[in-house]
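Okay, here's what each chain looks like letter by letter:
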Amino acid sequence: MAPSRSRDVQLTSIAGAADDDAGDLEEVRLLDSYDSRDGIDDGGMRRIQVRVTGMTCAACSTSVESALCAVNGVITASVALLQNKADVVFNPALVKDEDIKNAIEDAGFEAEILPEPSTTGKMPHGTLVGQFIIGGMTCAACVNSMEGILRDLPGVKRAVVALATSLGEVEYDPSVIGKDDIVNAIEDAGFEGSFVQSSEQDKVVFEVVGVYSLIDTQVLEGVLGSIKGVRQFRFDQISGQLDIVFDPEVLSPRYLVDGIEGRSSGKFKLRVRNPYTRMASKDVEESSAMFRLFVSSLLLSIPLFFMKLVCPHIPMIYSLLLRRCGPFLMGDWLKWGLVSIIQFVIGKRFYIAAARALKNGSTNMDVLVAVGTTASYTYSVCALLYGALTGFRAPVYFETSAMLITFVLLGKYLECLAKGKTSDAIKKLVELAPATALLIIKDKGGRSIEEKEIDSLLVQPGDMLKVVPGTKIPADGIVTWGSSYVNESMVTGEAVPVQKEVNASVIGGTINLHGVLHIQATKVGSDTVLSQIISLVETAQMSKAPIQKFADYVASIFVPTVVSLALLTFFSWYGAGSIGAYPEEWLPENGNHFVFALMFSIAVVVIACPCALGLATPTAVMVATGVGANNGVLIKGGDALERAQMVKYVIFDKTGTLTQGKASVTTAKTFTGMQRGEFLRLVASAEASSEHPLAQAIVEYARHFHFFDDSSASDGTQNGAKELKSGWLFDVSDFIALPGRGVQCLIDGKPILVGNRKLMAESGIDISDEVENFVVELEESARTGVLVAYDDIIIGVLGISDPLKREASVVIEGLQKMGVRPVMVTGDNRRTARAVAKEVGIQDVRAEVMPAGKADVVQSFQKDGSIVAMVGDGINDSPALAAADVGMAIGAGTDIAIEAADYVLMRNNLEDVITAIDLSRKTFSRIRLNYVFAIVYNVVAIPVAAGALYPSLRIKLPPWVAGACMALSSVSVVCSSLLLRRYRRPRLTQILEIVVE
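Residues numbered from 1 in each chain as written. Predicted model: local features only at pLDDT ≥ 70, side-chain atom pairs only at ≥ 80, totals over all residues. Heavy atoms only, no water.

(A) Seen up close, the overall build of the protein chain. Helix and strand content of the protein chain: 34 helices and 37 strands. Counting every position in the protein chain, which comprises 997 residues, the buried fraction comes to 53%. Across the protein chain, contacts joining residues at least 24 apart in sequence account for 71% of those joining residues at least 6 apart. Surface summary for the protein chain: the accessible area is close to 43,300 Å², and the carbon and sulfur share equals 55%. (Helix = DSSP H or I, 4+ residues; strand = E, 2+ residues; numbered from the N terminus. Buried < 20%, exposed > 50% of the residue type's maximum accessible area, 1.4 Å probe, protein only. Contact = heavy atoms within 4.5 Å. Areas by Shrake-Rupley, 256 points an atom, 1.4 Å probe, with all protein chains shown as cover.)

Pasting the structure below:
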């Protein structure tokens, strides 16, 4: 098929491709997590997720599962207690969604059917999340207008627009509306629109080098047509951009690159296009365009002021300007011509944007600029024509229109530069990503036969990569060969290099310092740590703090209010002059009451600026999220920032949060005369099947006792435990883990229980005074006592200690001095909990709390309206993190905990709790100051521009001065936010000096 145009080649589906794949092309969102699980199984089965509320224990989840499995048509049902979700696969011909919901509610719980996740490929009822650049927005009114227009589009389910980043994120149904339709809607609203990326994973965008003619284009088409799995593509020869839709089950992006380059004999070279590169170029283009407009306007305005201020003192030149040329003076012709170029050529963007805004029923700053400059220009033209007809030379104010536009363009240029600096965080993070990777190609026998350099965006899970000294690690993975030190300060903020040996995990983007490493890629693309950090920062910068609702409301009524005030000003001054309320001496030379009133009215229009209000919050939030990321604190949004600065209680989980999470056995005592070695062998056999940290500590201690191995030799994983079973451990049967109590199993047909007092009491096992006293002694020394019963008799006790983090007590004291009350929650017994709390300095302790009960503890502190933060690291902390007003997940914790949190403390350091709260407070102090700048500026400036001080002090603002003030107002707010970039997190020596303000 020959292309119709060489500039933009649109090719239909490749022969053999499914019809439903011939839709609009989307780019792959490389930096966004994506759920690839289908909502409909291949066999016609359907899968849904249901949120289940009211479950408190494992018995509840079992009850829900039983109720679901009893429904005719349900194939499988799995209930996750901690996530409060049920995953159900069923036959839609036999059972409906509502039947599943009713079954759960009949079991005594509340149920809510969750929306089906977007899936790989285009689903009939799926949605995509697309990002669009929206250029030309100037204030919060523009944002409100744009969001309203996008949300009203058919097929659009959600739309969020961020002024500071000039980005819009739209969730839409691709079967109803395409990305081109959304771009057209943005442009029809008076803004510049372009597509950035979407969440589809079966589409990729390349930059192609080597296509220079129509013949080359046809060759490229032929190559793509011969590759099995390519469904559709589009090529733009000018930009060299190639969009490809492919079948991910047949081929991968790397195979596409190899196939195209190989089948073209190396004529074409492809590189995956990073969407953030295009976004950065758009920022530069906008700043450059605004600078060109400003310089052009300035160069044309300088002669105007030269003629007005300098030429009257140069007789020869002034006489030329006063020479009559037709109906007007030569100087009038020159002024009119120069200003007309500024007004209608350079300033046409204001007219276009204002017209489209009014067309959509909204008003923005462009409307104010258009009204003010048009009024000044129109009056000046009318004054010239009136003078030509009557001979009366009235004053003209062409300079006012020119300088208004010049100063507005200057303000927009400075604003572009300032806003560009607020997005530096994402740009720096993107720059951390490695550009290339060295792929190790092996033969069938597993021997390395070749090393090939590829684009790092083409790395696939399972690839073997070589990392030489001084280069960046291409992807998250596991070291398979070699030893080196790696600089992980990009993630942890710690400058000390970390040693990496075989089986150690590495993070993509970190720098290999010394030795050569071979790593196996485990996470690539959007799954890498760096991509997740970028995604978190990007999402946070797109979010809106609740306080911004105030600014959005004010902006929505701002322009109509200002225009009304301008009209009121005009009629007040003109009416007062008509009845002689002020002396004629106040009037300008050759002026009248109309001109006098008009200048005050124009000044009111141009000095009022809604931009500052719209920028007050988002710029501060953007800078704060970037500063937080640089300090190892990832903030998920402006709403999290706003809540964190009001935190009254901080609830800490004990194990792994306040403590190091590396439990070790310190004491082992028997009470029945059993040999200690035999005792430890029994306990280790029972605990080897458990994944609990205390169980792993017991197994490592027992192994060291028997073999005198270094305990670090054990990897602490379940695989390591299985290796131990095959040797010196007893065979175990009927193993059961009892959350919050311990474990039980059978060894040689006799029951063995390892756990706390509650487990012994439930099993009817008597605890002697000797055993009780020993356990109490352990607990009072901040150690956990683990009781062991064999054949219904307590045979011994283990004492386990988990050392506190070195900074824990200082952080607790620092929080108290900040006016924040620390609380500790743990499933451990009360004596141990109190001992640990006393050591760290916490007064309020909630002990013996089951994992599901931690959320209840959080809610108990929220009852009086207090803002509560929860700090945790494990899966069992996730419900509490989600229930808290501010969830803070330790970065070394689980993915589920991090997902549930509002803050992620990447450095695994409790000092960052202080940093998170302190940064939030300083950010909102800056936001309040920004609102003072924005609101007080308008409250003070508008009355002055309206002439409120003229009767008493003879102070008035010429319209061109008012324009300069308007331009600088938004810049002052942005620069105020940029001062947050100087933030430095409190150090240990400073924390104790914090006082409540």
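(B) Layout of the sheet that holds strand E28 (residues 733–738). Taken together, the 6 strands give an open sheet; going across it, the order is E27-E32-E31-E30-E29-E28, and neighbouring strands pair in antiparallel fashion. Edge positions in the sheet fall to strand E27 (664–670) and E28, since each of these pairs with one other strand and no more. The average undirected angle you get between the axes of adjacent strands in this sheet is 15°. One ladder, built from 6 bridges, connects E27 with strand E32 (residues 793–801); its direction is antiparallel. When the sheet's bridge partners are listed, Thr670 is paired in E32 with Gly796. (Pairing = 2+ DSSP bridges. Axes fitted to C-alpha atoms, helices over the stretch in contact; angles between N-to-C directions.)

(C) Just the sheet that holds strand E17 (residues 448–455), in detail. The sheet built from 6 strands is open, its strands ordered E17-E16-E18-E24-E19-E22 with antiparallel pairing. The open sheet has two edge strands with one neighbour each: E17 and strand E22 (505–506).

(D) Broad picture of the pattern of salt bridges. In total, this model carries 23 salt bridges according to the counting rule given. Lys500 is the partner of Glu488 in a salt bridge, and the nearest nitrogen-oxygen pair spans 2.9 Å. Of the two residues, Glu488 sits in the loop between strand E20 (484–487) and helix H14 (489–492) while Lys500 sits in strand E21 (residues 498–500), which places them 12 residues apart along the sequence. Summarising the burial analysis for this pair, Glu488 and Lys500 share the class buried. (Salt bridge = Lys/Arg side-chain N within 4 Å of Asp/Glu carboxyl O.)

(E) Highlighting the environment of Ala889. Turning to its location among the elements, Ala889 is positioned in strand E36 (residues 886–890). In this structure Ala889 comes out as buried when scored by relative accessible area, which is 0%. When the C-alpha positions of Ala889 and Met906 are compared, they lie 8.5 Å apart, and in sequence the two are 17 residues distant.

(F) Quick look at helix H21 (residues 676–687). An ideal rise of 1.5 Å per residue puts 16 Å on 12 residues; H21 measures up with 16 Å between its terminal C-alpha atoms. Burial of H21 is extensive: 9 of the 12 residues sit out of reach of the surface. Every buried residue belonging to H21 is among Gly677, Phe679, Leu680, Leu682, Val683, Ala684, Ser685, Ala686 and Glu687, and all of these are buried. (Expected span 1.5 Å × (residues − 1).)

(G) Main features of the packing of helix H9 (residues 330–346) against helix H11 (residues 365–390). Viewed as axis vectors pointing N to C, H9 and H11 meet at an angle of 155°, and their least axial separation amounts to 12 Å. One finds that H9 runs roughly antiparallel with respect to H11. Here H9 and H11 pass one another in a crossing that is left-handed. The residues of H11 that touch H9, namely those facing Asp332, Trp336, Val339, Ser340, Gln343 and Phe344, are Thr373, Thr374, Tyr377, Val381 and Leu384. The residue makeup of the contact of H9 with H11, split by class, is 6 nonpolar, 4 polar and 1 charged. (Parallel < 35°, antiparallel > 145°, perpendicular 65-115°, else oblique. Left-handed = near helix turned anticlockwise from the far one by under 90°. Nonpolar A, V, L, I, M, F, W, Y, C, P; charged D, E, K, R; others polar.)

(H) Geometry of the environment of Glu691. Assignment of secondary structure puts Glu691 in the loop between H21 and helix H22 (693–707). Glu691 gets classed as exposed once you look at its relative accessible area, which sits at 53%. C-alpha separation for the pair Glu691 and Ala737, spaced 46 residues apart in sequence, amounts to 9.4 Å.

(I) Local environment of a nonpolar patch on the surface. A contiguous nonpolar patch, built from Leu929, Val932, Phe933, Ile935, Val936, Val939 and Val940 and spanning about 540 Å² of accessible area, is present on the exposed surface. One can find Val939 in helix H31 (residues 911–945). (Patch = residues over 30% accessible without salt bridge, like charges linked within 9 Å, V, L, I, M, F, W, Y side chains within 5 Å.)

(J) Expanded view of the packing of aromatic side chains. Per the stated rule, a full pass over the model turns up 23 aromatic pairs. Between Trp333 and Trp336 the ring centres are 6.1 Å apart and the planes differ by 15°, which places this aromatic pair in the stacked class. Here Trp336 and Trp333 lie together in helix H9, a separation of 3 residues that amounts to about one turn. Using a relative accessible area of 36% as the deciding quantity, one classes Trp333 as partly exposed. With centroids separated by 5.4 Å and ring planes inclined at 85°, the aromatic side chains of Trp573 and Phe596 adopt a geometry described as edge-to-face. Within this pair, whereas Trp573 is found in helix H16 (residues 548–578), its partner Phe596 is found in helix H17 (residues 593–607), the two being separated by 23 residues in sequence. The class of Phe596 is buried, set by a relative accessible area of 3%. Taking NZ or CZ as reference, Arg349 lies 5.2 Å from the ring centre of Phe350, over its face. When the ring centre of Phe730 is taken as origin, the NZ or CZ atom of Arg681, which lies over that ring, is 4.0 Å away. (Phe/Tyr/Trp six-rings, centres within 6.5 Å; stacked < 30°, edge-to-face > 60°. Lys NZ or Arg CZ within 6 Å of the ring centre and 35° of its normal.)

(K) Examining the nonpolar core more closely. Ranked by size, the top nonpolar core spans 148 residues in total, and within it Leu150, Val650, Leu815, Tyr903 and Val913 carry the most contacts. Beyond its immediate chain neighbours, meaning those up to four positions away, Val913 contacts Val650, Phe652, Leu815, Val871, Met888 and Leu905. Among the nonpolar cores identified, the runner-up in size contains 28 residues, and Ala663, Leu680, Ala697 and Ile698 belong to it. (Core = buried A, V, L, I, M, F, W, Y, C linked by side-chain atoms within 4.5 Å.)

(L) Representation of the side chain of Ser380 within the structure. Structurally, Ser380 is set in helix H11. A polar atom in the side chain of Ser380 sits 2.9 Å from the backbone oxygen of Ser376. If we skip the residues at most four places from it in the chain, Ser380 touches Val396, Tyr397 and Phe398. (Polar contact = N/O pair within 3.5 Å; in protein donor to acceptor, adjacent residues only side chain to side chain.)

(M) Examining unusual backbone geometry more closely. The phi dihedral of Ser265 is positive, around 55°, even though this residue is not glycine. The backbone phi angle of Asp792 is positive, close to 70°, even though this residue is not glycine. Relative to the assigned elements, Asp792 resides in the loop between strand E31 (784–790) and E32.

(N) Highlighting the side chain of Gln241. Relative to the helices and strands, Gln241 resides in strand E12 (residues 241–246). Within the structure, the side chain of Gln241 is placed 3.1 Å from the side chain of Asp243, a separation counted as a polar contact.

(O) Quick peek at the pairing of strand E30 (residues 750–755). For strand E29 (residues 742–747) and E30, the ladder comprises 6 bridges, and the chain directions are antiparallel. Its bridge partner being in E30, Ile747 is matched across the sheet by Lys750. Linking E29 to E30, which pair antiparallel, is a turn of 2 residues; within it Asp748 sits at a positive phi near 55°. The sheet contact formed by E30 and E31 spans 4 bridges and is antiparallel.

(P) A look at the confidence of the model for the protein chain. Residues at a pLDDT of 70 or more form 81% of the protein chain, whose mean pLDDT is 78. No element of the protein chain has a lower mean pLDDT than strand E1 (residues 8–11), which averages 39, and none a higher one than strand E33 (residues 821–825), which averages 93. In the model, residues 1–43 has pLDDT below 50 throughout and makes 133 contacts with residues more than four positions away in sequence or in other chains. This stretch, residues 709–726, has a pLDDT under 50; its non-local contacts, to residues over four places away or in other chains, come to 16 contacts. (pLDDT = per-residue confidence, 0-100.)

(Q) A look at the packing of helix H5 (residues 214–225) against helix H6 (residues 253–263). At a minimum axis separation of 10 Å, H5 and H6 run at an interaxial angle of 130°. It follows that H5 is oblique to H6 by the angle criterion. Seen along the crossing, H5 lies across H6 with a hand that is right-handed. Along the contact surface, H5 presents Leu220, Val223 and Leu224, while H6 presents Gly259, Ile260 and Arg263.

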